[in-house]
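Fold and contact review
Okay, here's what each chain looks like letter by letter:
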Amino acid sequence: MTTEVLRAARAALDDAGLRGSFLVRDLDTGAEIGLDADVEYPAASLVKVPLAIATLERVERGELDAATPVVVPPGRVGAPGPIGLPKFRHPATIAVDDLLYLSVAISDSTAADALFALTPPAAVAAELRRLGYDGIAVRHLMRDLVDTPAERFTPAEGHLAHSLAITAATEGRGHPVTQLDISRANAGSARAFVDLLQGLWRPTTIRPAVAERVRELMGDNVVRHRLAPDFGSDASRWSSKTGTLLNLRHEVGVVEHADGQVFAVAALTGSRVPAVVQPGAEASMAHVARTLRDHLRSR
């Protein structure tokens, strides 16, 4: 039965022009089901979850004050896409705790870089290692994600940037676009992110207060078009973080059911279709993730 479910899931992804690393885990029993769960992908905005953990761990140790005001310069980004501070025209003074909200809940990359200025990527990576999570690489700032071929084309030419992202990858998962090269980018696998989600929902090394705050931030996620339609309901709570970069579409999160079952879900995908807007791909990755969860829940 499991073999058939996985075969159908892989076929559904292929039909949608996707490849992916998926994992669903029951956080209480440890039972799991996945597709290529150990294959690494560039993490894009998923890295904001480790950033939040590292920042809050430092707050708990007294190294940072969550109420400290930070002056954030205006983003002045005129191109469509980014939301939040990148669109600001004037400097803003924002507390560390509120930068965390902007970074995680609305995926504001300017807010994330303001936090990275306090805890640089190498320090976030070291904090992950200290907590026992070695599968996620944190190497660069979020502003590096806006220095891609997509910014060199007009919106009408976006498909050209996606074509480069799709065709230029090497067999060893290298890429001339730094942000898509797993040896140079922020990166991780579905398994690595599910492990981190387990550490947030069932804390062992992460401080309970830190885990609670990150869960709250992920529960406030306003990006609801990807996996949320298949996991959120009146009888379940979906808390998550998305990540998007060129042809990459990711989401990791936890669904908590009213009957007490709790599942961590990670869906990391890359598309071979050179198009910026792909609602069918979003729907397919959600369908596959839910199919895996449904199979695990029915056991």
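Residues numbered from 1 in each chain as written. Predicted model: local features only at pLDDT ≥ 70, side-chain atom pairs only at ≥ 80, totals over all residues. Heavy atoms only, no water.

If you check an unreviewed UniProt entry, the chain appears there as Beta-lactamase class A from Saccharothrix saharensis.

As a further point, take helix α1 (residues 2-15). Helix length check: α1 (14 residues) gives 20 Å between terminal C-alpha atoms against 20 Å at 1.5 Å per residue, within 8%. Three or more residues of α1 are buried, namely Val 5, Ala 9 and Leu 13. Looking down the long axis of α1, one finds its buried residues gathered within 70° of arc, a one-sided arrangement. Of the exposed residues in α1, those oriented more than 90 degrees away from the buried face are Thr 3, Glu 4, Arg 7 and Asp 15. Downstream of α1 by one or two residues, Gly 17 has phi in the positive range, about 80°. (Helix = DSSP H or I, 4+ residues; strand = E, 2+ residues; numbered from the N terminus. Expected span 1.5 Å × (residues − 1). Buried < 20%, exposed > 50% of the residue type's maximum accessible area, 1.4 Å probe, protein only. Arc of directions from axis to C-beta.)

Here we come to the side chain of Ser 236. For Ser 236, the location among the structural elements is in strand β7 (residues 236-245). A distance of 2.9 Å separates polar atoms of two side chains, one belonging to Ser 236 and the other to Ser 233. When sequence neighbours within four positions are dropped, the list of residues in contact with Ser 236 reads Phe 231, Val 255, Glu 256 and His 257. (Polar contact = N/O pair within 3.5 Å; in protein donor to acceptor, adjacent residues only side chain to side chain. Contact = heavy atoms within 4.5 Å.)

Next up on the list: helix α5 (residues 121-131). Taken together, the buried positions of α5 are occupied by Pro 121, Val 124, Ala 125, Glu 127, Leu 128 and Leu 131. Looking down the long axis of α5, one finds its buried residues gathered within 160° of arc, a one-sided arrangement. Of the exposed residues in α5, the ones pointing more than 90 degrees away from its buried face are Ala 122 and Arg 129. The inward-facing, buried residues of α5 contact α2 (48-60), α4 (109-118) and α7 (190-201). Gly 132 sits one or two positions beyond α5 and adopts a positive phi of about 95°.

Residue alternation in strand β2 (residues 32-35) divides its side chains into a buried set, Ile 33 and Leu 35, and an unburied set, Glu 32 and Gly 34. Strand direction decides the pairing type here: strand β1 (residues 18-26) and β2, joined by four bridges, are antiparallel. Within the sheet, the bridge partner assigned to Arg 25 lies in β2 and is Glu 32. Following β1, the chain reverses through five residues before pairing antiparallel with β2; Gly 30 in that reversal takes a positive phi of roughly 85°. (Pairing = 2+ DSSP bridges.)

This next bit is on the confidence of the model for the chain. In low-pLDDT regions, the fine details of the predicted coordinates are not to be read closely. Put simply, the chain has an average pLDDT of 88, and 85% of its residues get 70 or more. With pLDDT under 50 throughout, residues 164-168 is counted as low confidence; its partners more than four residues away or in other chains account for 14 contacts. (pLDDT = per-residue confidence, 0-100.)

What follows is about the sheet that holds β2. Read across the open sheet, the five strands follow the order β2-β1-β9-β8-β7; overall the sheet is antiparallel. Of all the strands in the sheet, the pair left with one neighbour each is β2 and β7. Each neighbouring strand pair of the sheet contributes to a mean axis angle of 10°, computed without reference to strand direction. Contacting β1 and β2, α1 crosses the sheet at an angle of about 35° to β2. (Axes fitted to C-alpha atoms, helices over the stretch in contact; angles between N-to-C directions.)

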